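The residues making up each chain are set out below.
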There are 4 protein chains.
Amino acid sequence: MIAILKPNVTDAQIKSLSAWFRAQGLSVHLSRGEYQTVMGLIGDTSKVDTELVEGLDTVQSVMRISEPYKSANRKFHPLDTVVSCGGAKIGGGNFALIAGPCSVESEAQIVGIAHSVKSAGAAILRGGAFHLRTSPYAFQGLQQEGLDLLVRAKEQTGLPIVTEIVSVEQLPLFDRVDLIQVSGRNMQNFDLLRELGKTDKPILLKRGPANTIDELLMSAEHIMAGGNERVVLCEQGIRTFETHTRTTLDLSAIPALHELTHLPVVVDPSRAALSAGLIAPMALAAVAAGADGVMIEVHNDPSYALCDGAQSITPDAFTALAKQIEAVRRAVVQ
Amino acid sequence: MIAILKPNVTDAQIKSLSAWFRAQGLSVHLSRGEYQTVMGLIGDTSKVDTELVEGLDTVQSVMRISEPYKSANRKFHPLDTVVSCGGAKIGGGNFALIAGPCSVESEAQIVGIAHSVKSAGAAILRGGAFHLRTSPYAFQGLQQEGLDLLVRAKEQTGLPIVTEIVSVEQLPLFDRVDLIQVSGRNMQNFDLLRELGKTDKPILLKRGPANTIDELLMSAEHIMAGGNERVVLCEQGIRTFETHTRTTLDLSAIPALHELTHLPVVVDPSRAALSAGLIAPMALAAVAAGADGVMIEVHNDPSYALCDGAQSITPDAFTALAKQIEAVRRAVVQ
Amino acid sequence: MIAILKPNVTDAQIKSLSAWFRAQGLSVHLSRGEYQTVMGLIGDTSKVDTELVEGLDTVQSVMRISEPYKSANRKFHPLDTVVSCGGAKIGGGNFALIAGPCSVESEAQIVGIAHSVKSAGAAILRGGAFHLRTSPYAFQGLQQEGLDLLVRAKEQTGLPIVTEIVSVEQLPLFDRVDLIQVSGRNMQNFDLLRELGKTDKPILLKRGPANTIDELLMSAEHIMAGGNERVVLCEQGIRTFETHTRTTLDLSAIPALHELTHLPVVVDPSRAALSAGLIAPMALAAVAAGADGVMIEVHNDPSYALCDGAQSITPDAFTALAKQIEAVRRAVVQ
Amino acid sequence: MIAILKPNVTDAQIKSLSAWFRAQGLSVHLSRGEYQTVMGLIGDTSKVDTELVEGLDTVQSVMRISEPYKSANRKFHPLDTVVSCGGAKIGGGNFALIAGPCSVESEAQIVGIAHSVKSAGAAILRGGAFHLRTSPYAFQGLQQEGLDLLVRAKEQTGLPIVTEIVSVEQLPLFDRVDLIQVSGRNMQNFDLLRELGKTDKPILLKRGPANTIDELLMSAEHIMAGGNERVVLCEQGIRTFETHTRTTLDLSAIPALHELTHLPVVVDPSRAALSAGLIAPMALAAVAAGADGVMIEVHNDPSYALCDGAQSITPDAFTALAKQIEAVRRAVVQ
């Protein structure tokens, strides 16, 4: 970490600042120029709060040389992490196609879709039981009944399942779930992340619509700091000024994350799209950009799905898309 | 609510769509033009999910005529709500100056600052005990001990206190707190909001850095739907591309919220500022724009505060600012 | 166009408003509900300024039913436009690989790169002669000499050339250019667009980093309104809060634009990337999402390019990328 | 300027890089740590392109210690600049109230409004003659006739005038204008800025809706580099995700700019507002935050103004606002 000091800083201030850094276990290397004094801080700077240091009235600006995350950092773990969940593998060359409805609605619906996406090549079944909704008056999901139905679909098809947890108290219910999803809104619910870090369950951590790549990695770090290193990252769109899409899918996050971390990266193009016509092109684009998996909302009757119908495609459209995805994978992997 | 249908929609589709809306308790008014068919939906549309309707493959776009929030809506409650907390009043012409350190550090610190801000005119004491931090390695606050010290400062000065809750389980501890703060990161932690809605405690609901004004109102609605109507809204900055500030303080949210809702609106300029020099001008601007209160971070030694030192000002600077705030209030209220 | 009137609007106001709309050549269809009055406006609404209407004190909100652009609108021109420039074709199933250095530096450099990208499969040669730079002290390009060198590379390789125009006065110099590029910063330089609309030259119109898809189409409309319909749109990244990339490449703009317009859409992933490692994955993703072309910065010595070295790849890397691009195209077109 | 080198950089690469920096007139100070090598670059770094250096494959990241703008930099010009235009003064304690219609419509209109705003305390008259419009079909202003009418209002009231220039060729027409406005869309039309830099006219440079504070200062630098130091900066809102306003007025830009530059800063709250109710609160907030002037759109019949009616207030409302502005100024200046 490097701190540029303010031009008018006195010797006494420099001495006091150096002492403060040393008290935090860092060694200090001072370089005084004609116009500027620069302080190099060496040691474990991951615990240092950059904004705090930037706020000191003797400091002009601060630059991290090493990233504040360790467990998630590729520098210390050069090999790709492979996350196994209920037979499926994600990362390190293993690609996972994840598909299913936004919301579990009935046994016939979820079991039917499960069979259909499995035969099209899906490796994991998705389906929402608990929903976080902006409006207190909107449909909140079938709750525990939805979870039971999802487990039934797993038993009948053998597909591992992924579904979202919305509060810490639900954790015991999620024993039967193969991959626990944390939605973007909960990406910085550190309380929840901490508890998930104590389990040995694979976690699908979605990027919040207004969170940076660094913040996503810091949230992964919250889980991993507890001992659970089975984290799958998920890009699903960030909030921008554009209105033709709900959010802007940031596909450059895929190669950027692959440079920064060893964790697998999947993409969920459904939430960002406002029209079903965008789902297939964006799923293919995600695969071409190197994603370790994609999540697709599939519904047998998208027009009247209880939730997010616009973002779903039919089982037939999914079957066609799965073939194209496989073809694009072969083209880019070679 | 008005739905514009797609140009090529068939009679059968219109019939089926009308039936679907009627099943949701709405009456449907159809207007077929040469080029376009428009459906007017009348009734309680607050439960209708706009995005879902927009996703139907027969619908081109949707426009709400009435807002999806009811309890927070000024249309149904024209008079300003006044929230009383421990003697202080916020809203309806009552202005509250809220001050104190980012983090409670010791009894001497918090009691000292409490006396000092009280004599400068503060109506409520702020101080953090539990902190949500991006890094799992950063200082998380003194936790329950911090809360105890804050209560001691309240006993010794008579100032009501505001502090942040970070998880549902802490709720019993907050009995002694006069105004419970929900941070921006938890603005859509609906689980927490629902529990707060069951209490009779005043809630300070901060806008998330990437949340719209409408989403802030919907989160207030989550609390109010449970019966607790004592909600104070707080603007503290939104995420933009600008880097000279941590976030961009959206002061236009003050008059916009005053048009939309009867709830009081306070502003916390500290988090957005990256340098202490911005705090006073932005606090004064908030007052000029009609805020019902401002929150200021005050610290006796801002250079070495354990948290967010950059955003604090000294007790002396606060005393001067409090006088200017009073002068601006007189100028705009007349 | 539909206007929702304010709840308390009087009969006299409605009458006056109707007259005002009729004076603009529109017919007015009024629908008065118990709670709300809605005005449907029929006719050529593309000339109506939505914001102006929204500002009238009798109007609550306004919704366009038809888009404000006509020449660029796919509704009125269902077939894809194919833009031919110097032998190369873009759009309607024709894919164009555009490559070359950010800046023309010398004859040896530009001719060498031209030969190399041609043999790798490029259809058009890019190269900057005039540069718009944020700093008045930065390198502004070789200017006219650069243009001459670019033309020489065209003569020696037969590749059509694309280069950027930065002001109206340069137009005569661009006679020898096959595809005239308008940078994102000039996307709303309507003066320049108007002059380009009077020529018969193909125009490569880049989306500004803070412009919406609708604004891009309106700028295309500025050119097309003058009679020049040979416009190629280009996505190159929009400004967001993320800092791991310079801008966020909005690949969902590709399928969104293909729905809205018949004009071809190409993608330039170079400017958005901050590291060369992102260029290839994003170029492949653009192709998978259906782009009609991609532009790649290629330089024989990217480390010391006079401009934007970080965003360039070597001729060898380009040759490998061109093969992958071809493979992805085959995978998605089928 | 400090460059952090990549971890695996070789001695040969360091030597080559050092030579490259020295060739640009900088002296190089190398500091090799156990984990990291840091290069300090001393000399006139304002000509160095940060992004280019960051792109070199031996460099991990770069941090500027000194700003890339010189003429606009407060460090080298500690005293506030006062810009005089036609008798009015802006900056250095001089506050200018600027008022008038968005668009000049007729002699009666502009002269009438001019008299009225003058008697309310306005120091400068605004009025648009040439308009940049997103749509090629929208009203483009009365053009030269509008300018003539504006000059007539100046002659009859003695008020200096400000109006927008939209292309270089118009420059001769602007001889009679006291303060030449460059709109946000033209903030990076460097061609235009360069020509304005050759005149001795005061320039009102508006911040583009997606431009950073640093970019605004770099654009001022483009003008000042030509010798014209009479630049007034103007904040008018930046593009964010919020939709209750057209753009988000960034009032923190006022104190931030006052720290960074000696140039005066005025605020135009009209464009950002979508409803007239936001104009007065935001104008007062701008004054409280330390603005050197505010620009207000005033129209005698805002409901039917040819342009931007929603953002205008009546002469009576302006008179009341002018009094409040004066009161707030007294409160904050003391």
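Residues numbered from 1 in each chain as written. Chains lettered and ligands numbered in written order. Predicted model: local features only at pLDDT ≥ 70, side-chain atom pairs only at ≥ 80, totals over all residues. Heavy atoms only, no water.

### Structural notes on the side chain of Ser183 of chain B
All names here are of chain B. Here Ser183 lies in the loop between β10 (179-182) and α5 (190-197). Of note is the side chain of Ser183, whose polar atom sits 3.4 Å from the side chain of Glu164. Residues contacting Ser183, with those up to four places away along its chain left out, are Leu132, Glu164 and Lys206. (Helix = DSSP H or I, 4+ residues; strand = E, 2+ residues; numbered from the N terminus. Polar contact = N/O pair within 3.5 Å; in protein donor to acceptor, adjacent residues only side chain to side chain. Contact = heavy atoms within 4.5 Å.)

### Concerning the interface of chain B and chain A
Accessible area lost when the parts come together is the quantity often used to give the size of an interface. Taken together, the 44 residues of chain B in the interface contact 45 residues of chain A. Between chain B and chain A lies a buried interface of about 4,200 Å² when both sides are counted; carbon and sulfur atoms form 51% of it. Inspection of the region where chain B meets chain A yields two salt bridges. Our enumeration of links across chain B and chain A arrives at eight residue pairs in polar contact (both at pLDDT 80 or more). Here the side of chain B that touches chain A is composed, by residue class, of 16 nonpolar, 14 polar and 14 charged. (Buried area = accessible area lost by both parts, 1.4 Å probe. Salt bridge = Lys/Arg side-chain N within 4 Å of Asp/Glu carboxyl O. Nonpolar A, V, L, I, M, F, W, Y, C, P; charged D, E, K, R; others polar.)

### Points about the packing of helix α5 (residues 190-197) of chain A against helix α6 (residues 213-224) of chain A
When two helices pack together, their arrangement is given by the angle between the helix axes and by the axis-to-axis distance. Residue and element names in this part refer to chain A. Their axes nearest at 7 Å, the elements α5 and α6 cross at an angle of 45 degrees. With respect to α6, the axis of α5 lies oblique. Between α5, through Phe190, Leu193, Leu196 and Gly197, and α6, the contact on the second element is made entirely by Ser219, His222 and Ile223. When its residues are assigned to classes, the contact of α5 with α6 shows four nonpolar, three polar and no charged. (Axes fitted to C-alpha atoms, helices over the stretch in contact; angles between N-to-C directions. Parallel < 35°, antiparallel > 145°, perpendicular 65-115°, else oblique.)

### Here's the deal with the relation of the copies chain B and chain A
Between the two copies, chain B and chain A, the superposition gives an RMSD of 0.1 Å; the rotation angle is 180 degrees and the shift along the axis is 0.0 Å. Expressed as an axis order, the relation between the two copies is that of a two-fold axis. Minimal C-alpha separation from the rotation axis in chain B is found for Ala210 of chain B, amounting to 2.7 Å. Interface residue correspondence from chain B to chain A reaches 100%, placing this contact among same-surface, isologous pairings. (Least-squares fit on C-alpha atoms with pLDDT ≥ 70 in both.)

### Section: the pattern of salt bridges
Pairing is possible between side chains that carry opposite charge, provided their charged atoms lie close to one another. Tallying each qualifying case throughout the model produces 60 salt bridges over all chains. Glu67 of chain B serves as the salt-bridge partner of Lys75 of chain B, at 3.3 Å between the closest nitrogen and oxygen. Relative accessible area serves as the criterion here: at 22%, Glu67 of chain B is assigned to the partly exposed category. Sharing partners across several salt bridges, the network here consists of Arg126, Lys206, Asp268 and Glu297 of chain A. (Buried < 20%, exposed > 50% of the residue type's maximum accessible area, 1.4 Å probe, protein only.)

### What about the sheet that holds strand β1 (residues 2-5) of chain D?
Residues and elements named next belong to chain D. Sheet architecture is open: four strands sit in the order β2-β3-β1-β4, paired in antiparallel fashion. Lying at the two open borders of the sheet, with one neighbouring strand each, are β2 (27-32) and β4 (59-63). Pairwise comparison of adjacent strand axes, ignoring direction, gives a mean angle of 20 degrees for this sheet. Where β2 and strand β3 (residues 37-42) come together, six bridges link them in antiparallel fashion. Opposite Leu30, over in β3, you have Met39 as the bridge partner. (Pairing = 2+ DSSP bridges.)

### Brief notes about the interface of chain D and chain B
Contacts between chain D and chain B engage 38 residues on the former and 38 residues on the latter. Between chain D and chain B, the buried area comes to about 2,900 Å², and carbon and sulfur atoms account for 69% of it. There are two salt bridges connecting chain D and chain B. Linking chain D to chain B there are eight residue pairs in polar contact (both at pLDDT 80 or more). Along the lines of polarity and charge, the residues of the side of chain D that touches chain B split into 21 nonpolar, eleven polar and six charged.

### Digging into the relation of the copies chain D and chain B
Relative to chain B, chain D is turned by 180 degrees and slid 0.0 Å along the rotation axis, the superposed coordinates differing by an RMSD of 0.0 Å. A symmetric contact is evident, with 100% of the interface residues of chain D recurring at the interface of chain B.

### Overview of helix α3 (residues 107-120) of chain A
Residues and elements named next belong to chain A. When the terminal C-alpha atoms of α3 are compared, their 20 Å separation across 14 residues agrees well with the 20 Å that a helix rising 1.5 Å per residue should span. All of the buried residues in α3 are Gln109, Ile110, Val111, Ile113, Ala114, Val117 and Ala120. Those residues of α3 that are buried lie in contact with β7 (96-100), β8 (124-126), α4 (144-157) and α9 (315-333). Just downstream of α3, Gly121 is the residue with a positive phi angle, here 115 degrees. (Expected span 1.5 Å × (residues − 1).)

### Here's the deal with the packing of helix α8 (residues 279-288) of chain D against helix α9 (residues 315-333) of chain D
All names here are of chain D. Put simply, α8 and α9 touch, their axes get as near as 9 Å, and they point 25 degrees apart. Of the possible angle classes, the one that applies to α8 and α9 is roughly parallel. α9 is crossed by α8, and the crossing has right-handed handedness. Two secondary-structure elements touch here, α8 through Ala280, Ala283, Leu284, Val287 and Ala288 and α9 through Leu321, Gln324, Ile325, Val328, Arg329 and Val332. When grouped by side-chain class, the residues that make up the contact of α8 with α9 number nine nonpolar, one polar and one charged. (Left-handed = near helix turned anticlockwise from the far one by under 90°.)

### Describing unusual backbone geometry
For Gln143 of chain C, which is not a glycine, the phi torsion comes out positive at approximately 60 degrees. Mapped onto the elements, Gln143 of chain C comes out in the loop between β8 (124-126) and α4 (144-157).

### Some remarks on the side chain of Ser167 of chain C
With respect to the helices, strands and loops of the structure, Ser167 of chain C is situated in the loop between β9 (161-164) and β10 (179-182). The class for Ser167 of chain C is buried, based on a relative accessible area of 7%. One polar contact links Ser167 of chain C to Asp191 of chain D, side chain to side chain, over a distance of 3.3 Å. Contacts of Ser167 of chain C, omitting those with residues within four sequence positions, involve Leu192 of chain C together with Asp191 of chain D.

### Overview of the environment of Pro202 of chain D
Residue and element names in this part refer to chain D. If you trace the backbone, Pro202 turns up in the loop between α5 (190-197) and β11 (203-206). Of the residues examined, Pro202 reaches a relative accessible area of 4% and is grouped as buried. Spatially, the C-alpha atoms of Pro202 and Val232 are 7.4 Å apart, while their sequence positions differ by 30 residues. Not counting chain neighbours up to four residues away, the residues in contact with Pro202 comprise Val83, Ser84, Cys85, Asp178, Leu179, Ile180 and Arg230.

### Describing the sheet that holds strand β3 (residues 37-42) of chain B
Residues and elements named next belong to chain B. Across the sheet, which stays open at both edges, the four strands sit in the order β2-β3-β1-β4 with antiparallel pairing between neighbours. The sheet is open, and its two edges are formed by β2 (27-32) and β4 (59-63), each paired on a single side. The mean inter-strand angle of the sheet, taken between neighbouring strand axes irrespective of direction, is 20 degrees. Pairing analysis gives four bridges linking strand β1 (residues 2-5) to β4, with the strands arranged antiparallel. Along β4, the bridge assignment pairs Leu5 with Val59.

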